[in-house]
Amino acid sequence: MHEFGITESVVAAVRERLPDATITCVHLEIGALSGVAADSVRLYFGPATEGTNLEGARLEISEVVARCRCGTCGGEFEPDGPIPLCPCGSPDAAILSGGDLRITAVDVA
Ligand SMILES: [Zn+2]
């Protein structure tokens, strides 16, 4: 249910900025290391927008590939799981991209 709260906060953020507009589409970027499952956000978006000015809006999600830099060997790599681990074996990784969820655009009617 973690994603339901996240989806609600996305809806709340849009409503706060555009309280009087009819929203037709919300564009999101979800990083591979954000800990947010895009499928769950898609699932919860409908219920979370019910009775709001986002009701009936589409949801477009771009999933962003994660990039990390290793603090041990200095190499950059794409982690293949939720916990970044460098091919050299070090877990000392700084997330360069793909670590968060962002609203990139909102379309209004
Ligand atoms: Zn490394």
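Keep in mind that what you see is a predicted model, and the values were worked out from it rather than measured. What you see as residue numbers is a count from 1 along each chain, following the sequence as written. The predicted nature of this model means local features are confined to residues of pLDDT at least 70 and side-chain atom pairs, given and counted, to a pLDDT of 80 or more, with totals for whole chains, interfaces and linings taken over all residues. Excluding hydrogens and water, the side-chain values take into account all heavy atoms of the structure.

> Please give an account of the coordination of the zinc ion that cites residues and values.
Tetrahedral coordination by four donors places them ideally at 109.5 degrees to one another around the metal; octahedral coordination by six donors ideally gives 90 or 180 degrees. Because water is not among the atoms used, a metal site may look incomplete, as its donors are only the N, O and S atoms within 2.8 Å, or 3.2 Å for Na, K and Ca. Surrounding the zinc ion are the protein donor atoms Cys70 (SG), Cys73 (SG), Cys86 (SG) and Cys88 (SG), which sit 2.3 to 2.4 Å from the metal. One can describe the donor arrangement at the zinc ion as tetrahedral, given that its four donor atoms subtend angles of 104 to 117° at the metal. On the basis of relative accessible area, Cys70 is assigned to the buried category, the value being 3%. Irregular is the default label, applied whenever a site is not tetrahedral (four donors, all angles between 85 and 135 degrees) and neither square planar nor octahedral (four or six donors, opposite donors over 155 degrees apart, all other angles between 65 and 115). Any residue under 20% of the maximum accessible area for its type is buried, any over 50% is exposed, and the rest in between are partly exposed; the area is computed with a 1.4 Å probe on protein chains only.

> Tell me about helix α2 (residues 38–49), and name the residues and values.
Per the convention used, a helix needs a DSSP run of H or I reaching at least four residues, while a strand needs a run of E reaching at least two, with both numbered from the N terminus. An expected span of 1.5 Å times one less than the residue number is assigned to each helix. Between the first and last C-alpha of α2 there are 16 Å, a value that for twelve residues agrees with the 16 Å anticipated at 1.5 Å per step. Within the sequence span of α2, burial applies to Ala38, Val41, Tyr44, Phe45, Ala48 and Thr49. Projected down its long axis, α2 shows its buried positions confined to an angular sector of 135°, all on one face. Exposed and facing more than 90 degrees away from the buried side of α2 are Asp39 and Leu43. The arc in question is the one spanned by the directions pointing from the helix axis to the C-beta atoms.

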